[in-house]
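Fold and contact review
Take a look at the letters that make up each chain.
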Amino acid sequence: MAHLFRDLSLGQSKREMTPPPIQPPIQPPIMPAKPTAPDLPSPLGQLAAPQLTDSDLRLTAYEIFVAVCRTSTAKPLSFVSSNNNSSSNNGGSNSDSPSSGPGHHSPNSPGLQRSITSTAASKVKKAFGLKSPKKSPGSGSGSGHGKPKRPLTVGELMRTQMGVSEAMDSRVRRALLRIVASQVGRRIESVVVPLELLQQLKLSDFTDHEEYDAWQKRTLRVLEAGLILHPQMPLDKSNSAAQRLRQLIRGALDRPIETGKNNESLQVLRSAVMALASRSSEGSIYETCHWADGFPLNLRLYEMLLEACFDANDETSIADEVDELMEHIKKTWVILGINQIFHNICFTWILFHRFVATGQVEMDLLYAADAQLAEVAKDAKITKDPEYSKVLSSTLSSILGWAEKRLLAYHDTFDAGNVDSMQGIVSLGVSAAKILVEDISNEYRRKRKGEVDVARNRIDTYIRSSIRTAFAQRMEKADSSRRASKNQPNPLPVLAILAKDVGELAINEKKVFSPILKIWHPLAAGVAVATLHACYGNELKQFVSGIMELTPDAVQVLRAADKLEKDLVQIAVEDSVDSDDGGKAIIREMPPYEAEAAIANLVKGWMKTRLDTLKEWVDRNLQQEVWNPRANQEGFAPSAVEVLRILDETLDAFFQLPIPMHPALLPDLMAGLDRCVQYYVTKAKSGCGSRTTFVPTMPSLTRCTIGSKFGSFGKKKEKTPNSQKRNPQVATVNGDNSFGISQLCVRINTLQRIRTELEVLEKKIITYLRNSESAHAEDFSNGLGKKFELSPVACVEGVQQLCEAVAYRIVFHDLSHVLWDGLYIGEPSSSRIEPFIQELEKNLMIISDTVHERVRTRIITDIMRASFDGFLLVLLAGGPSRAFSRQDSPIIEDDYRSLKDLFWAGGDGLPSELIDKFSPMVTGVLPLFRTDTESLIERFRRVTLETYGSSARSKLPLPPTSGNWNPTEPNTLLRVLCYRNDEAATRFLKKTYNLPKKL
């Protein structure tokens, strides 16, 4: 039996060559705690059986490992260590190898062939560039006393690596010997190892009942996990074998069953276990048993085996015997349902996790994980297994998540001292992202491959995210610096400090990080500075929007921003010199700060504040303005004096601003001031009325007396003339002293004064421009933007409107009692024009004394024109209280001459040619009053027929009133006939229009 045990041993490892004499059993070293990363849970899956600890899984994995290795060959598997000094002879001769003992083989034996292969460096280590574990003093071929140690077999090495005690190992081996003896020729994949161990091991195989109980419960839980909780094939809840097994396990956990015998309990257990382990999708019975190949149990067990490849004494190193260990570990695939693609993804995770768990100090592990990931990438392209896809996605997501946690803020993670590790982490993260996107993402498949550059996109994201984080930190630092220096004279503004820090950050980025990131992104530095440019630009924009005028702080910030922008653009241009588009895409991401534009916006804000204040001032002061003619000697409003003063001060303040673009911004200021002055002019003339405000409503044609049946013609005329309907504004004017004649004259003077002063200001502006450093010759070549455009026109129109309002107010409102209510009422000879002329002369004296001489002629001319209009209105539309005969004609003409003489004033008044200019209407109408009635009737007929044609032959139509009095106009002729006090006119009007005979 002892000979059989030796034949089925796991063979010797490379660590020792010379077999020593038989020694007492070697106790395993205390298994160091496996390095863990609490923030990096395993993506290979979590078991539904929380009672199974890592230690339980490790022991189960070891049992599987021993089982497959013992049954895979009947030959011993000893290996000659390449570390033995005696094997370092030239030519690879093995003359000093042991020639006897259980480890000796013939030259053609499998063991010797493997030992020859092992003399070279580990294939795994060579492939991944992994280092050998550090040897502690005294380790090697001999002990501290110079005596050689017994060589470790691969099995013993695995036991040591996995922390399995010799006692447990011995029990497992004995049980496997019995299994092999009882089931000769049966393949290991058709054996349910835990079930067979339960069959073979009994209480007496253990040191005490407690150890036996723990072992049995662990074994039963493994069966439960592999057959019920995580079966290889989905399990129907109603499956009787599963229900029976679950009951058996629950009962055994409460009350242990007796193992090591072929009793009824074990027979029932075996029946249920084999029924579940041998299931197939077609319902047939498999020869292969499936009890440890369901996900994720198989992956967790395989993870425990792969962890054993790391040296127990140096947690950052792979064991020297990794090739032999890996060869034997892969034999477990048949039980665990693992293949090469699952091995690749699991081993990638193991390498990566060990790198993280050991403090990220051993870069070889990171590079090895990255290299293994390259194999995973190949697998992912050709494998569509859904279970694999889940494991792949979970594992890569975990790796990518860890990497991105560092890369999305790589300025916090790396610096010049540890930047070497950055390249490995970036490479790993990018590789994981590419597999996730290119081989797993459905969205990627829907797009053409050329549309997505995964690596470049990820690096772009890392750069922008980390730069923003670093910028925020610099911002906080600059703010702290500002607060610390607030008591110092002239402390720098925060954004000026920040601009300097950002510039240093950009230089460091270009020097330290960009060379690495450029491997995956050709414009790495450009992206970084473009992001910095945007971050600072946002802060600058907020800063500028928060100030209303240029201050020393604003100037400092804008200058610092201008310098920073030039530095950033320079880096971007240098970085993109070899790019396909010459860096245009990056430059487009960097819209200019435009410091001058920022200054311009500040100045415009300053302008707006001044202009808004001016407009508010205009509103407030015009409400209080009384337009007192005695307010000052020059007879214009004090509010206008203030407006002109504010205009002058605003222009002076504008040209004192420390800006380089006075000529460019002047048009905006001028336009705003122009609108304010126009607003003042509009408000100043508002409510003063106009010509139409005071002219009475044109009465209808009538010769009726009060109570006539022709009420539609005479209803308005029955009222006294002074009660005729006037524009509603007249009532407003009557009730407000600010609209008296003197006050209206002050308004006229005010508008005239404003117009004059605007011309003075325009000349002053030219002087300002000549003294401005930023002005050029073309700024003087045209007047555009340097003159007031709207307000001078408004002043002219305002003066015109106010002059007409004054003239027609005097004639038709203030003097209506002597004109409309007095002139030619009753007998013309006894109600002539002299009272009107006397009153009018008084008003003319007041106006002459009040109105500025430059508008005096204009307003008196308007009064003359209003007087002529009023005179004609009395003659042609004076109502039923007036009637004229041919004998009254000399009186009317004499009164008109008196009216003209008033304005001529013996040559001291208006020029005669000006009087003659406005006389033709009156002089054209007056001769009609001395024309006989028959001639008037005949002329009326002829003119009416000429106007209306043949339709007027049967009945003369009633001509409408136009108001444009003319001796050839039908309505004018008809009105003269209406007011003709003789029988012929009465008969004609009676016959033609059915008008009454008498007035």
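Naming follows an unreviewed UniProt entry, where the chain appears as Protein unc-13 homolog of Lithocarpus litseifolius.

Counting secondary structure elements, the chain contains 41 helices and zero strands. Counted over contacts in the chain with a minimum sequence separation of 6, partners at least 24 positions apart contribute 79%. In the form shown here, the chain has an accessible surface area of approximately 46800 Å², with 51% of it arising from carbon and sulfur atoms.

A separate point is the nonpolar core. By size, the foremost hydrophobic cluster in this structure holds 292 residues, and its most contacted members are Trp291, Tyr536, Phe654, Tyr680, Leu840, Phe871 and Phe903. Here this core takes 14 residues from helix α35 (residues 853-877), the largest share from any one element. Non-local contacts of Tyr680, meaning those with residues more than four positions away in its chain, are made with Val618, Leu622, Trp627, Ala637, Ser639, Ala640, Val643, Thr750 and Ile754.

A separate point is the confidence of the model for the chain. Confidence in the prediction for the chain averages 81 pLDDT; 80% of positions are at 70 or higher. This model gives residues 73-120 a pLDDT under 50, and the stretch forms 73 contacts once residues within four places in sequence are excluded. pLDDT under 50 marks residues 137-145. Its contacts with residues more than four places away, or in other chains, come to six contacts.

Enumeration according to the criterion identifies 20 aromatic pairs in this entry. Linked through ring pairs, Tyr824, Phe868, Phe871, Phe884, Tyr896 and Phe929 together constitute an aromatic cluster. It is Arg354 that lies over the ring of Phe310; its NZ or CZ is 4.0 Å from the centre. Above the face of the Tyr679 ring, Lys615 is positioned so that its terminal group lies 4.3 Å from the ring centre.

The next point concerns the pattern of salt bridges. For the structure on display, the rule yields 41 salt bridges. A salt bridge links Arg171 to Glu211, with the shortest nitrogen-to-oxygen separation between them at 2.7 Å. With Arg171 in helix α6 (residues 166-182) and Glu211 in helix α8 (residues 209-229), this residue pair connects regions lying 40 residues apart in the sequence.

Moving on, we get to helix α12 (residues 322-329). Quick reminder: α-helices carry 3.6 residues per turn. Residues three or four places apart thus point the same way. Among the eight residues in α12, six count as buried, and that is most of the element. Of the residues making up α12, those classed as buried are Val322, Glu324, Leu325, Met326, His328 and Ile329.

With that settled, consider the environment of Phe812. Its location among the elements puts Phe812 in helix α33 (residues 790-814). For Phe812, a relative accessible area of 3% gives the class buried.

You can see Ser190 is positioned in the loop between α6 and α7 (193-200). What Ser190 contacts, discounting residues up to four positions off in sequence, is Glu287, Thr288 and Cys289. A polar side-chain atom of Ser190 sits 2.6 Å from the main-chain carbonyl oxygen of Arg187.

Cis geometry is adopted by the peptide bond preceding Pro296, which originates at Phe295 and carries an omega value of 0°. Phi at Trp627 takes a positive value of approximately 55°, unusual for a residue other than glycine.

The rules behind these values
- Residues numbered from 1 in each chain as written.
- Predicted model: local features only at pLDDT ≥ 70, side-chain atom pairs only at ≥ 80, totals over all residues.
- Heavy atoms only, no water.
- Helix = DSSP H or I, 4+ residues; strand = E, 2+ residues; numbered from the N terminus.
- Contact = heavy atoms within 4.5 Å.
- Areas by Shrake-Rupley, 256 points an atom, 1.4 Å probe, with all protein chains shown as cover.
- Core = buried A, V, L, I, M, F, W, Y, C linked by side-chain atoms within 4.5 Å.
- Buried < 20%, exposed > 50% of the residue type's maximum accessible area, 1.4 Å probe, protein only.
- pLDDT = per-residue confidence, 0-100.
- Phe/Tyr/Trp six-rings, centres within 6.5 Å; stacked < 30°, edge-to-face > 60°.
- Lys NZ or Arg CZ within 6 Å of the ring centre and 35° of its normal.
- Salt bridge = Lys/Arg side-chain N within 4 Å of Asp/Glu carboxyl O.
- Polar contact = N/O pair within 3.5 Å; in protein donor to acceptor, adjacent residues only side chain to side chain.

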